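Chains, contacts and geometry: an overview
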Amino acid sequence: MVSLPSSFHRLLPFALTVAVSAMGGGIAHVLGLPAGWLMGGALAVTIAAMAGLPVSLPGRWRDVTFVLIGMSMGASVAPDSLSLLASWPISLTALALELVIIVALTGWMLVRVFGLDVGTAYLSSFPGHLSFVMGIAATGVGNARQIVIIQVIRILMLTIAVPIGTLFLPIDHFPPPLPSDFLSPLQVLVLAGACVAGGLVFLWAKVPAGMVLGAMAVATGAKLAGLYEAAMPTPLVTITFILTGALIGSRFVGITRAEFLAAAKGGLIATAMTVGIVTLMALGVAQLVDMPFGQIWLGLSPGALEGMGALGIALGYDTAFIAAHHVIRLLMLSFAIPLVVVLVRRQEKRAQDRRNSA
């Protein structure tokens with residue numbers, strides 16, 4: 001019997017994952033759904049993972065995906081982005097306010113309605129910074145499995161909800177302009193090399209989402225400096241969406257159906273509450289600034305940076321606005337999460353003292 005090399009066995013799950021994402025994205029694209037390559041791919045890989053198929057996106061390919069997202073976001077930055085900075089304080093104030101409301105209301109709901117312990121409930125309610133949240137959970141705060149399921153459900157549902165929302169909500173869908181000039185293969189390679197270097201520097205500096213943000217910083221800086229004006233090749237952008245869909249869906253690997261069903265209802269309701277709060281905030285900001293509602297919504301939405309950035313590209317929005325707000329959200333959460341954990345610990349200690357004295 002001929003034995004296949006181990007490298008083939010490692011490659012097969014990755015190839016299957018990309019193929020499933022491409023198939024799901026292709027179907028959504030043919031159906032004319034906004035951001036179809038991204039949304040369809042994420043949903044298809046999620047279904048495959050929950051069905052027990054061996055889907056996987058190795059670490060190196062995740063890094064490739066992050067670099068491609070950062071490059072695409074940087075190349076999509078609107079030339080007049082800097083002139084819009086004056087309107088950002090309004091949306092940033094709304095961002096800070098919504099974070100407080102989301103954590104308070106969804107955390108309370110998960111405790112009161114679904115009976116989760118305080119640590120699990122409030123760590124599940126944080127809109128983003130998943131790696132930081134899971135690091136805190138690993139120290140013994142809350143149920144790490146339930147937290148990751150609820151958080152991953154949030155990321156997936158936001159990736160699906162935004163494109164669907166463009167069909168029913170006042171989320172304008174601006175098909176990206178059809179450029180006539182594209183970067184040559186050599187230009188793409190040079191830009192990619194610089195973006196990888198930028199990402200590694202950001203990772204070394206421990207910047208959240210460093211590979212994405214470092215790549216975007218380099219691509220944006222080069223574009224604003226006039227080093228290039230051409231667009232990313234369309235096939236490369238499509239590949240970026242397919243890989244991003246695979247990345248989002250593969251986060252469900254290792255989650256059993258029983259675990260998913262046990263946490264799904266709370267996760268879905270928490271996500272629905274979050275979407276409602278973000279929508280109301282975005283509607284309020286839209287009355288005060290001259291900016292598309294959908295762009296404001298994506299900037300305020302608590303999805304993963306790579307997913308929301310890719311959606312911004314697919315829907316034709318200014319990625320500089322979206323990325324800046326997501327970076328500031330992560331910085332806010334970096335201070336808020338430890339503070340809330342301290343409060344949770346105190347509440348747990350008081351509850352334990354009451355039980356001991358009873």
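Keep in mind that what you see is a predicted model, and the values were worked out from it rather than measured.

Along the chain, the regular secondary structure elements total 14 helices and 0 strands. Mapped from its N terminus to its C terminus, the chain presents α and β elements in the order α-α-α-α-α-α-α-α-α-α-α-α-α-α. Each of the 358 residues in the chain was classed as buried or not, and the buried ones make up 50%. Put simply, 75% of the contacts in the chain that link residues at least 6 apart link residues at least 24 apart.

What follows deals with the side chain of Thr271. When you line up the elements, Thr271 lands in helix H11 (residues 257-286). Aside from chain neighbours lying at most four places away, what touches Thr271 is Ile153, Arg154 and Met157.

There is a patch of nonpolar side chains on the surface, built from Met23, Ile27 and Leu31 and spanning about 340 Å² of accessible area. Turning to its location among the elements, Ile27 is positioned in helix H1 (residues 6-30).

As a further point, take the packing of aromatic side chains. Applying the stated criterion to the full structure yields 1 aromatic pair. Between Phe14 and Trp61 the ring centres are 4.6 Å apart and the planes differ by 25 degrees, which places this aromatic pair in the stacked class. Here Phe14, found in helix H1, pairs with Trp61, found in helix H3 (residues 59-75); they are 47 residues apart in sequence, far enough to count as distant. Trp61 gets classed as partly exposed once you look at its relative accessible area, which sits at 36%.

On to helix H9 (residues 210-224). Spanning 15 residues, H9 covers 21 Å between terminal C-alpha atoms, matching the ideal 21 Å at 1.5 Å per step. For H9, every residue scored as buried is listed here: Gly210, Met211, Val212, Leu213, Gly214, Ala215, Met216, Ala219, Thr220 and Ala222. In the segment just after H9, Gly226 is the residue with positive phi, at about 80 degrees.

Before going further, it helps to examine the nonpolar core. Generally speaking, soluble globular proteins have nonpolar side chains that are buried together. Counting 97 residues, the largest nonpolar core has Leu123, Phe126, Phe252, Leu298 and Leu300 as the members making the most contacts within it. Looking at which element gives the most residues to this core, the answer is helix H7 (residues 144-168), with 10 residues. Setting aside chain neighbours within four positions, we find Phe252 in contact with Thr46, Ala49, Met50, Val152, Ile153, Leu156 and Phe260.

Scoring rules and cut-offs
- Residue numbers restart at each chain and count upward from 1, following the sequence in its written direction.
- Reporting in this predicted model follows two pLDDT cut-offs: at least 70 for local features of residues, and 80 or more for side-chain atom pairs to be given and counted; totals over whole chains, interfaces and linings ignore these cut-offs and use all residues.
- Based on all heavy atoms of the structure, the side-chain values leave hydrogens and waters out of the count.
- Strands here are runs of E lasting at least two residues and helices are runs of H or I lasting at least four, both read from the DSSP assignment and numbered beginning at the N terminus.
- Throughout this description, buried means an accessible area under 20% of the type-specific maximum (1.4 Å probe, protein chains only), exposed means over 50%, and partly exposed covers the range between.
- Note on definitions: a residue-residue contact is assigned when non-hydrogen atoms from the two residues lie within 4.5 Å.
- Patch criteria: residues need more than 30% relative accessible area and no salt bridge. Like-charged residues are merged within 9 Å; nonpolar side chains of Val, Leu, Ile, Met, Phe, Trp and Tyr are merged within 5 Å.
- Here the open area of atoms and residues is found with the Shrake-Rupley method and a 1.4 Å probe, where only the protein chains shown may cover a residue.
- By definition, a salt bridge exists where a carboxyl oxygen of Asp or Glu is found within 4 Å of a side-chain nitrogen of Lys or Arg.
- Two aromatic rings, drawn from Phe, Tyr or Trp (for Trp, its six-membered ring), form a pair once their centres lie within 6.5 Å of each other, and the interplanar angle then sorts them: stacked below 30 degrees, edge-to-face above 60, tilted otherwise.
- Multiplying 1.5 Å by the helix residue count minus one yields the expected span of that helix.
- For our purposes a nonpolar core is just a set of buried Ala, Val, Leu, Ile, Met, Phe, Trp, Tyr and Cys residues, chained together by side-chain atoms within 4.5 Å.

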